[in-house]
Amino acid sequence: MTNENSLCYFTSIETPGYVGFANLPNQVHRKSVKKGFEFTLMVVGESGLGKSTLVNSLFLTDLYPERIIPDAIEKQKQTVKLEASTVEIEERGVKLRLTVVDTPGFGDAIDNSDSFSAILEYIDEQYERFLRDESGLNRRNIVDNRIHCCFYFISPFGHGLKPLDVEFMKKLHSKVNIVPVIAKADCLTKKEILRLKCRIMQEIEDHGIKIYPLPDCDSDEDEDYKEQVKQLKAAVPFAVCGANTLLEVKGKKVRGRLYPWGVVEVENPEHCDFIKLRTMLITHMQDLQEVTQEVHYENYRSDRLAKGIKNKENGLKPERDSVVPAQIVANSVLTEKDRILQEKEAELRRMQEMLAQMQAQMQAQQ
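How each quantity is defined
Residues numbered from 1 in each chain as written. Predicted model: local features only at pLDDT ≥ 70, side-chain atom pairs only at ≥ 80, totals over all residues. Heavy atoms only, no water. Salt bridge = Lys/Arg side-chain N within 4 Å of Asp/Glu carboxyl O. Helix = DSSP H or I, 4+ residues; strand = E, 2+ residues; numbered from the N terminus. Pairing = 2+ DSSP bridges. Axes fitted to C-alpha atoms, helices over the stretch in contact; angles between N-to-C directions. Core = buried A, V, L, I, M, F, W, Y, C linked by side-chain atoms within 4.5 Å. Buried < 20%, exposed > 50% of the residue type's maximum accessible area, 1.4 Å probe, protein only. Contact = heavy atoms within 4.5 Å. UniProt positions renumbered as here; feature names shortened; annotations may be inferred.

Asker: Report on the pattern of salt bridges, specifying residues and quantitative values.
Answerer: Counted according to the given criterion, the structure contains eleven salt bridges. Of the charged contacts in the structure, one is a salt bridge between Lys175 and Asp124, with a shortest N-O distance of 2.8 Å. Remark: Asp124 occurs in helix H5 (residues 115-134) and Lys175 occurs in the loop between helix H6 (163-172) and strand E5 (178-182); sequence separation between them is 51 residues.

Below, the structure is given as structure tokens:
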């Protein structure tokens, strides 16, 4: 006895002009949901800009339950260190393995000229680990800890970008997707926020800094999505404020900050860009991962490969921080040897043909 679903299925397959591969996206979706998603976010900025609060607000979780805030004396001695916190989030059956890399100590010293080195090293280490795993034997179970997105927090109290902001973004824009964020936007009026946004974007352009570009919409996308992307592009840099406290406003619970003059609602688009920042991150999470894989990681991989081959040709021992996995170097050397061997074989064939022609001529003369 055939049930109704199977009857519909066979009828649709047998319909003229219908193959059935339109269902492939559903297969991909089901497989992805079953496997779960991985995403790594880095947050960089001076202390006191609300980085931890914002991240907790974005993902409705507490990533730093045991964090101890250092006092002023400890901050003087503190150097930049990186702390990775991983949490498994599940929402409506979809699992997300979120890793947030925080950078306490960044920008807190009197001399910040060396603030970037620890962050640069960490990003390169993750690329190196992925490169090693990718060229190893167990390629199926690779954990992707590469930085897919970096929220760079800009102080709302300045008149634009500080020299530290410019230098940091210039150092990292070719390695990671940078999303500029104006912190503690509830300290500014709407006019001040607009003025600061224009100033920051102008300075980013003047200094040739490449921030993460939101992908353009295809012509066949629906109008609502096109409008959403347009609004997100116009909102950069995102002026946000975070809060994990629930307050009652007009009979309903909202997350926000209570001031003598009223309540700043975190999830109210009229108050800040929090919703836009979260929409950008969730809607374009896949694109952030693809840009990391196809642009930043490929650049790193090709540089490492070039360094390994150059050192091999010059007879130099590779430096510790520029080690290319042995398998990749071996493959590259083999490819070079094959090319030389093919050239020699072609030359040998030409010489044999010339010799055969000379012998034929000599026999003809005799």
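Asker: Explain the sheet that holds strand E9 (residues 262-265) residue by residue, including any values.
Answerer: Spatially, the three strands line up as an open sheet ordered E7-E8-E9, and their pairing is antiparallel. Every interior strand has two partners, whereas the edge strands, strand E7 (246-249) and E9, have only one. Taken over all neighbouring pairs, the strand axes of this sheet differ in orientation by 70 degrees on average, direction set aside. By the bridge criterion, four bridges tie strand E8 (residues 252-259) to E9 in an arrangement that is antiparallel. Among the inter-strand pairings, Leu258 is bridged to a residue of E9, identified as Val263.

Asker: Could you give an account of the nonpolar core, naming the residues involved and the relevant values?
Answerer: Note that soluble globular proteins tend to have their nonpolar side chains buried in a common cluster. Counting 72 residues, the largest nonpolar core has Phe151, Phe168, Leu277 and Met280 as its most contacted members. Once residues within four sequence positions are removed from consideration, Met280 is found in contact with Phe151, Val179, Tyr212, Leu214, Leu232, Phe238 and Met285.

Asker: How would you explain the UniProt feature "site: Important for dimerization" (unreviewed entry) in the protein if you had to name every residue and give the values?
Answerer: Taking the UniProt record as the reference, the feature "site: Important for dimerization" (unreviewed entry) is found at Phe157. Structurally, Phe157 is set in the loop between strand E4 (149-154) and H6.

Asker: Explain the sheet that holds E4 residue by residue, including any values.
Answerer: If you walk across this open sheet you meet the six strands as E2-E3-E1-E4-E5-E6, and the pairing is mixed. Pairing within the sheet leaves two strands with one partner each, and these edge strands are strand E2 (83-91) and strand E6 (238-239). Bridge count between strand E1 (residues 37-44) and strand E3 (residues 94-102): seven bridges; the pairing is parallel. The partner of Phe39 across the bridge, within E3, is Leu98. Contacting E1, E2, E3 and E4, helix H3 (residues 51-59) crosses the sheet at an angle of about 175 degrees to E3. Relative to the sheet, H6 contacts E1, E4 and E5, its axis offset from that of E4 by approximately 170 degrees.

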